[in-house]
Structures are given as structure tokens and as C-alpha cells.
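Fold and contact review
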Amino acid sequence: MPSVTKLIPTCLTDARLKSERSLRKAILLDPKNVSPYVGFALISAAHQSNQVGINLVTDGITQNPNAPQLYLARGVLYAQLESV
């Protein structure tokens with residue numbers, strides 16, 4: 001039987017992947033809704049997937065060019081990308 005400490009990273013990875021899929025689905029259903037893009041950016045930043053987050057948020061900016069939250073999210077991801 002696997003130890004609990006070995007299961008925790010797997011559970012967290014599974015939860016992150018489910019969250020990312022849900023956010024991508026929400027974006028497809030309503031590309032004008034800014035919240036899923038910001039949520040995806042937060043997950044990307046937390047898991048050092050900065051370029052993936054930048055790409056998706058840039059798509060969001062294309063859909064929502066007047067959404068300052070997306071420019072801020074993209075800026076944070078770029079800053080983290082530079083610090084890695």
C-alpha cells in the first residue's frame with residue numbers, strides 16, 4: 001500500500017489538471033468572461049507554467065482588450081518568467 005506522502009502529490013496534480021480543464025472549458029463556453037482566464041493565470045503562476053499562462057491570457061486579451069485584470073495577470077506571469 002502506498003504511503004500517504006506519496007499520494008498527496010498525485011492528488012494535487014490530479015486536482016490541478018481538473019481545474020485547468022474546467023477553466024479551459026469555461027473559456028470555450030464564454031470567451032468574454034474574464035474570470036476563467038485569471039483563474040488559469042493563478043494556477044499557471046503557482047505551478048511555474050508561466051509561458052502556458054501567458055499564451056492563454058494573451059488569447060483572453062484578444063477576446064477582452066479592455067480587461068485590465070488580464071494585462072495585470074499577464075504582467076505577473078512575465079515577471080515570474082524572467083525571475084526563473
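Use the structure listed above.
Helix and strand counts for the protein chain come out as four helices and zero strands. Reading the helices (α) and strands (β) of the protein chain from amino to carboxyl end gives α-α-α-α. Taking the contacts inside the protein chain whose residues are at least 6 apart along the sequence as the reference set, 48% of them involve residues at least 24 apart. Accessible area for the protein chain stands at about 5,600 Å²; split by element, carbon and sulfur atoms hold 62% of it.

Looking now at the packing of helix H2 (residues 35-46) against helix H4 (residues 68-83). The N-to-C vectors of H2 and H4 enclose an angle of 15°; their axes lie 10 Å apart at closest approach. One element, H2, and the other, H4, form an angle in the roughly parallel class. Crossing hand, H2 versus H4: left-handed. Contacts between H2 and H4 involve Tyr37, Val38, Ala41, Ser44 and Ala45 from the first element and Gln69, Leu70, Ala73, Leu77 and Gln80 from the second. Classifying every residue of the contact of H2 with H4 gives seven nonpolar, three polar and no charged.

For helix H3 (residues 50-63), built from 14 residues, the straight-helix expectation of 20 Å at 1.5 Å per residue is met to within 8% by its first-to-last C-alpha distance of 20 Å. Along H3, the residues classified as buried are Asn50, Gly53, Ile54, Leu56, Val57, Gly60 and Ile61.

Time to look at the nonpolar core. Counting 16 residues, the largest nonpolar core has Tyr37, Ala41, Leu56, Val57, Leu70 and Leu77 as its most contacted members. Those elements that provide at least two residues to this core are helix H1 (4-29), H2, H3 and H4.

What follows deals with the packing of H3 against H4. As a packed pair, H3 and H4 sit with axes 9 Å apart at the nearest point and diverge in direction by 160°. The angle between the axes of H3 and H4 places the two elements in the roughly antiparallel class. Seen along the crossing, H3 lies across H4 with a hand that is left-handed. In this structure, H3 contributes Asn50, Gln51, Gly53, Ile54, Val57, Thr58, Gly60 and Ile61 to the contact, and H4 contributes Leu70, Tyr71, Ala73, Arg74, Leu77, Tyr78, Gln80 and Leu81. Among the residues forming the contact of H3 with H4, the class breakdown is nine nonpolar, six polar and one charged.

The rules we used
- Residues numbered from 1 in each chain as written.
- Predicted model: local features only at pLDDT ≥ 70, side-chain atom pairs only at ≥ 80, totals over all residues.
- Heavy atoms only, no water.
- Helix = DSSP H or I, 4+ residues; strand = E, 2+ residues; numbered from the N terminus.
- Contact = heavy atoms within 4.5 Å.
- Areas by Shrake-Rupley, 256 points an atom, 1.4 Å probe, with all protein chains shown as cover.
- Axes fitted to C-alpha atoms, helices over the stretch in contact; angles between N-to-C directions.
- Parallel < 35°, antiparallel > 145°, perpendicular 65-115°, else oblique.
- Left-handed = near helix turned anticlockwise from the far one by under 90°.
- Nonpolar A, V, L, I, M, F, W, Y, C, P; charged D, E, K, R; others polar.
- Expected span 1.5 Å × (residues − 1).
- Buried < 20%, exposed > 50% of the residue type's maximum accessible area, 1.4 Å probe, protein only.
- Core = buried A, V, L, I, M, F, W, Y, C linked by side-chain atoms within 4.5 Å.

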